[in-house]
Amino acid sequence: MLKTHGCGELRAEHDGEQVTLAGWVHRRRDHGGLLFLDLRDSTGLVQVVVHPEHAPAAMAIASEVRNEFVLRIDGLVSKRLPGTENVELATGAIEVQAATVEVLNSSETPPFPINQDSDPGELTRLRYRYLDLRRERMARNLRLRHRVVKLIRDFMDARAFIEVETPVLGLATPEGARDYLVPSRVHPGSFYALPQSPQQWKQLLMVAGVDRYFQIARCYRDEDLRADRQPEFTQLDVEMAFVEEEDVLSLTEELYQHLAAELAPERPLPSPFPRMTYAEAMERFGSDKPDLRYGVEIADLTNHVRESEFRVFADAIAAGGRVRAIVVPGGGATPRREVDRLTEMAKEAGARGLVWVQFAGAGALDTLTDDDVKSPVGRFFTPAQLGSLGAACGAVRGDMLLIAADRDAITSRVLDVLRRHIAEAQALADPNALAFAFITQFPMFEWDETAERWSAVHHLFTSPFSDDYDLIESDPGSVRSRAYDIICNGQEIASGSIRIHRREILLRVLKTLGMSLDEAKARFGHMLEAFTFGAPPHGGIAPGIDRTVAIFAGERDIREVIAFPKTKSAADAMTGAPAPVSSAQLTEVHIALDAAAREALEQAASREA
Ligand code: ASP
């Protein structure tokens, strides 16, 4: 080793020891002839003092170094003088008196300071990711990620799960996204698909008798990126044979309780995790991943306005919709500008409009006069009627009601958007809380308006409730599935399900999804066949590792916990991937570029020239 200690390891008890350190210059300060260098390595920081009289040669070298130079330093650990200790620093009780200083490498001035948590912009951070990762926050996130994965592996191992690696080159496994394809050289015209998840492999491992499988698995999905999406991401993939919902849910809850106890003992976590059916979550929050750190629940006003003369409500109800509302706490005096903004947001979410009612004053919503209520629908309702709508939603004077009238799919989406906006604006969510919950009993199928066919809400290997088998063909929309999610703070952390393990049920589901027998056999023949050889009942789940780490790191964006993430356009800002390849390489894999691709390449080339 080039060093005897880590910079961050030195303490008062090392006083008087000769040490050799190696690391980066974090910061340098000249102080009345003395030179102070903060030296940094992966273990932390230590202050090195170079004295011009005691170590003139070291001084000559040290006075030439700049931030991020790589140094090796021999020196003596000395307790700092009383009153000069730095309590902010783990090594703050001591400093190292340099005897020799050697420059192992120089450094250009980095494009952003390493010793500060400044934001030079996403693209610069990703372009120089190796420098970004040198910074304290990112280094801490990487270490936390390692710890999370290690805790998970130990936890699973202790419960008799074995980790099995599954292929990256395979046949498409649908999870609702586009596949990344890899052309085959030896099978002209054929392609591998990168796994959207190891779903089929893990089910085949159950047929193989593995019983308890897990894998820290990379998944690849070609979809439009958002803050919480990456084209490749990591899951804790889990599958178990001979289990029911309860077994999978309690295992996962135990895992998260364990992670939280180890990583964030001070953060409040519900125990047991609350459970809610999909139907209840949609009814109360308009979302299947509600943030449960705050209330602002949706109320149903349909019965209260059924007789009203206000056409918008009457028409929505007549068309099979409902009138639903949320309360903006303290929103009674929200300025018109902001109310218009809420209306805009509602429209963007699909509403035709938004009805609002503001209540003035404070206290209960009785004895209201014209002066106490403000609303665009004031003509259609008396103040007392508006007051009783407010009371039905739990509002008091000083609050505002936001009312949407439409099909449930729309009112849910609209009120969910508004609910989250209000919570953000009013900081209703405790940033420290970990509001985990399970959502269960998702619908099996949903109607895809664009494709004009049924699609699987979770994935097509999910088992319907056996009570609902009879509905698979006759009424797909009301078939409940044995799928479940874990949510935390408004995000989906994991999805899973009890699976189909019988061939005929899988065939019936594939048929409802619009697949002919031939197509079903071509795409899933191996699964259909495997199920004929004594496939055991099984189920599993797949928590997202990136999101899990982000939650414990207190980061909003999963890119902060991934060493080398892609940009929003699925590119690698550092290496330039994806990149054009030579025509010889293309020929080898039997690929010809179309006109659009050739044009894009020419444009890119001329931009570079
Ligand atoms: N394969 C599923 C997913 O990636 C999870 C599961 O059902 O276990 O979402």
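Residue indices begin from 1 for each chain and proceed along its sequence in written order. For a predicted model such as this one, the threshold for reporting local features is a pLDDT of at least 70, and the threshold for listing and counting side-chain atom pairs is 80 or more; totals across whole chains, interfaces and linings nevertheless cover every residue. In computing side-chain properties, one takes all heavy atoms of the structure into account and sets aside hydrogens as well as water.

## Some remarks on the overall build of the protein
Under the DSSP-based scheme used, a helix requires at least four consecutive residues in state H or I and a strand at least two consecutive residues in state E, with every element numbered from the N terminus. A tally of helices and strands in the protein yields 18 helices and 22 strands. Considering the protein as a whole, with its 609 residues, one finds that 47% of them fall into the buried category. Note on areas: Shrake-Rupley with a 1.4 Å probe; residue coverage comes only from the protein chains shown. Accessible area for the protein stands at about 29900 Å²; split by element, carbon and sulfur atoms hold 51% of it. Counted as positive: Lys and Arg. Counted as negative: Asp and Glu. His and the chain ends are not counted at all. Throughout, a charge is located at the NZ atom of Lys, the CZ atom of Arg, the CG atom of Asp or the CD atom of Glu. When the 69 positive and 91 negative side-chain charges of the protein are each reduced to one mean point, those points stand 2 Å apart. Burial status follows relative accessibility: with a 1.4 Å probe on protein chains alone, a residue under 20% of its type maximum counts as buried, one over 50% as exposed, and anything between as partly exposed.

## Overview of the site of the ligand
Near residues are defined by distance, with any heavy atom within 4 Å of the molecule or strand qualifying the residue. The ligand sits among 13 residues. The nearest are Glu-175, Gln-199, Lys-202, His-458 and Arg-499. Any pair of nitrogen or oxygen atoms within 3.5 Å is treated as a polar contact; in protein, a donor-acceptor pairing is required on top of that, and neighbouring residues in sequence qualify only through side-chain atoms on both sides. In this structure, an oxygen atom belonging to the ligand sits 2.9 Å away from a side-chain N or O atom of Gln-235. When the free accessible area of the ligand is taken as 270 Å², the share hidden by the protein chains comes to 95%. Contributing elements (two or more residues each) for the shell around the ligand: helix H5 (199-207), strand E21 (491-498) and strand E22 (538-543). Gly is put with the polar residues, along with every residue not named as nonpolar or charged; the nonpolar set is Ala, Val, Leu, Ile, Met, Phe, Trp, Tyr, Cys and Pro, and the charged set is Asp, Glu, Lys and Arg. The residue makeup of the shell around the ligand, split by class, is 2 nonpolar, 7 polar and 4 charged.

## Looking at a nonpolar patch on the surface
Taken together, Val-168, Leu-169 and Tyr-192 make up a surface patch of nonpolar side chains, about 230 Å² in accessible area. As for its placement among the helices and strands, Leu-169 is situated in the loop between strand E6 (162-163) and strand E7 (181-183). Relative accessible area serves as the criterion here: at 44%, Leu-169 is assigned to the partly exposed category. Like-charged residues within 9 Å of one another, or nonpolar side chains (Val, Leu, Ile, Met, Phe, Trp, Tyr) within 5 Å, are grouped into patches, provided each residue has over 30% relative accessible area and no salt bridge. Salt-bridge detection follows one rule: a side-chain nitrogen of Lys or Arg within 4 Å of a carboxyl oxygen of Asp or Glu.

## Overview of the environment of Phe-533
By the secondary structure assignment, Phe-533 is in the loop between helix H15 (517-530) and E22. On the accessibility criterion, Phe-533 (61% relative accessible area) is exposed. For the pair Phe-533 and Arg-503, spaced 30 residues apart in the sequence, the C-alpha separation amounts to 9.8 Å.

## Some thoughts on H15
Taking 1.5 Å as the rise per residue, H15 with 14 residues should run 20 Å; its terminal C-alpha atoms sit only 16 Å apart, a clear shortfall. Its axis deflected by about 90 degrees at Phe-524, H15 carries its strongest bend there. Residue count minus one, scaled by 1.5 Å, sets the expected span of a helix. One axis fitted to the seven residues ending at a residue, another fitted to the seven starting there: the angle between these axes is the bend at that residue.

## Some remarks on the pattern of salt bridges
All chains considered together, the criterion is met by 46 salt bridges. Across the pair Arg-137 and Glu-560 runs a salt bridge whose closest N-O atoms are separated by 3.4 Å. With Arg-137 in helix H4 (residues 136-158) and Glu-560 in the loop between helix H16 (545-553) and helix H17 (583-588), this pair connects stretches of sequence that are 423 residues apart. Accessibility expressed as a relative area gives 9% for Glu-560, which makes it buried. Here Asp-546 and Arg-145 are joined by a salt bridge, their closest N and O atoms 2.9 Å apart.

## Side note on the packing of H4 against H16
As a rule, the C-alpha atoms of each element are fitted with a line to give its axis, helices using only the stretch in contact, and angles between N-to-C directions run from 0 to 180 degrees. Close contact between H4 and H16 brings their axes to 10 Å; oriented N to C, the two are set at 120 degrees. Our classification of the angle between H4 and H16 gives oblique. Our pair here, H4 against H16, has a crossing hand that is right-handed. Together, Asn-141, Leu-144, Arg-145, Val-148, Val-149 and Ile-152 of H4 and Ile-545, Asp-546, Thr-548, Val-549, Phe-552 and Ala-553 of H16 make up the contact between the two elements. When an angle is under 35 degrees it counts as roughly parallel; over 145 it counts as roughly antiparallel; between 65 and 115 it counts as roughly perpendicular; any other value is oblique. Handedness of a helix crossing follows the sense of rotation of the near helix relative to the far helix, less than a right angle counterclockwise being left-handed and clockwise being right-handed. The contact definition used throughout considers only heavy atoms, calling two residues in contact when any of these lie within 4.5 Å.

## A closer look at the packing of H5 against H15
Put simply, H5 and H15 touch, their axes get as near as 10 Å, and they point 20 degrees apart. The orientation of H5 with respect to H15, classified from their angle, is roughly parallel. Crossing handedness for the pair H5 and H15: left-handed. Contact residues: Gln-200, Gln-203, Leu-204 and Val-207 in H5; Phe-524, His-526, Met-527 and Ala-530 in H15.

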